[in-house]
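In case you want the letters, here they are:
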2 protein chains.
Amino acid sequence: MEDTADRQAQEHGPEGGHGREGGRGREGGHGRAQGQEPGLELVHLLRGITVELDLLGAEFAARHGLHPTDLRALIHLLDADRAGADATPGLLGEQLGLNSASVTALVDRLERQGHVRRVRDTRDRRRVLLSVEDRAVALGWSFFGPLIRRVVAAAGSYDEAELDAVRRFLAETAGAVAAERRRAAEPDPAEGGSASG
Amino acid sequence: MEDTADRQAQEHGPEGGHGREGGRGREGGHGRAQGQEPGLELVHLLRGITVELDLLGAEFAARHGLHPTDLRALIHLLDADRAGADATPGLLGEQLGLNSASVTALVDRLERQGHVRRVRDTRDRRRVLLSVEDRAVALGWSFFGPLIRRVVAAAGSYDEAELDAVRRFLAETAGAVAAERRRAAEPDPAEGGSASG
DNA sequence: CCAATCATCTCGTTCATCGAGACAATAGCC
DNA sequence: GGCTATTGTCTCGATGAACGAGATGATTGG
């Protein structure tokens, strides 16, 4: 299960073919047992994490009577709260990729369960600020807390250089995903021009 | 129904106050305090990746006319295919946390779109094997491919020690998530033991 | 062969999400 | 000050994904 991509990588992946084909049949080496791009294994690991995490989230959500989307929303809300950023339905919908109607329903659910409260912004009265309740914070902690503790504990045994390597890798991966997302968002350069009429 | 909420919300508005307000906008140049547990930042990075990845998956799925669940299913199916494991509706449902009815609908969708085919198992004729079509493989690659290439490229600039650190961290994190998932699955130790009965 | 079990599928219901549009408040213009 | 365009949120009706319960067909064991 941990290797969807590696076989494909050699077929479709390296565009054109590297020519490293030669001794591929023999993996008998040492060190990198996989014999392929070293990053591939990391990708697999990462993918496994996201799959498991997703599942854990779904289970946690179901256990607490909320939908996967609700949990995702809570996470974003908690995050915004922590950063001191304004959370509004519009922003939330954007972050979750949801319709405005869906966001209204989502916030309704969250509000009904006492996780957030709608607060009309005094500055721009069009806006509604989403204020997270303690209940939501507690819920968020009960989800992330144990996980965080485990990971932090694991990270404790790394020295500075190793930590830095992990940090950089994670940051670069985040950047890669974000870049891909942007790429997917606008595959439509034809639009930007002289559509004038 | 719930529309009256916003009117009231502004009256409840500032009730406790979180204590942070006013010019929180200027946090200084750094962003956030790095002085915490070193692992915490890694957790945040990781979380950011999963969020973005999830969003990317949803967008990709929408673009190809399938639902987020369909993409997840395809990923699992591709994995199983690669590992040479039998893929069946039952197994798939288990991996995705879905009802058997939902799985039937899911496989119907996938089959209708030509991604998989139902094949009656000759050994145990109760079972239906899910055979992935090339179309699905290509789709999977078009989703993971670019991402993988980016990450692999990034990983290329790391030396063995760094790679090892990242690998270990990822593996430990995966283990942590899996452990948490197991913990969540049976939070019920009191039952098997000296329950009063 | 009959009963128990297992894997899958069918039926009817619930509700999350969507598209389109209504409504309220703000910002810019004169 | 009033007017219009824009922005942010919410409402309505429709679609369909997921669920719970149960039916159908195949396997195992006596």
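What counts as what
Residues numbered from 1 in each chain as written. Chains lettered and ligands numbered in written order. Predicted model: local features only at pLDDT ≥ 70, side-chain atom pairs only at ≥ 80, totals over all residues. Heavy atoms only, no water. Contact = heavy atoms within 4.5 Å. Buried area = accessible area lost by both parts, 1.4 Å probe. Salt bridge = Lys/Arg side-chain N within 4 Å of Asp/Glu carboxyl O. Polar contact = N/O pair within 3.5 Å; in protein donor to acceptor, adjacent residues only side chain to side chain. Helix = DSSP H or I, 4+ residues; strand = E, 2+ residues; numbered from the N terminus. Near = heavy atom within 4 Å.

## Here's the deal with the interface of chain B and chain A
At step 1: Counting residues at the interface gives 79 residues for chain B, matched by 83 residues for chain A.
At step 2: Taken together, the two surfaces of chain B and chain A that pack against each other cover about 7900 Å², and 64% of this comes from carbon and sulfur.
At step 3: At the junction of chain B and chain A, the tally comes to 14 salt bridges.
At step 4: Taking the shortest distance from any N to any O, the salt bridge between Arg181 of chain A and Glu52 of chain B comes out at 3.0 Å.
At step 5: Between the two partners, chain B and chain A, sit 18 residue pairs in polar contact (both at pLDDT 80 or more).
At step 6: Per-element accounting of the side of chain B that touches chain A gives the leading share, 22 residues, to helix H7 (residues 160-185) of chain B.

## Looking at the protein's contact with DNA strand C
At step 1: Lining the immediate environment of DNA strand C, one finds 22 residues, of which His67 and Thr69 of chain A together with Gly90, Ser100 and Arg118 of chain B sit closest.
At step 2: Considering DNA strand C, the proportion of its atoms within 4 Å of the protein that are sugar or phosphate atoms stands at 70%.
At step 3: Within the side chain of Arg118 of chain B, an N or O atom sits 2.6 Å from a phosphate oxygen of DNA strand C.
At step 4: The contact in question runs from a sugar or linking oxygen of DNA strand C to an N or O atom on the side chain of Arg126 of chain B, over 3.3 Å.
At step 5: Put simply, the parts of the chain that give the surface near DNA strand C at least two residues each are helix H5 (100-112) of chain A together with helix H4 (89-96) and helix H5 (100-112) of chain B.

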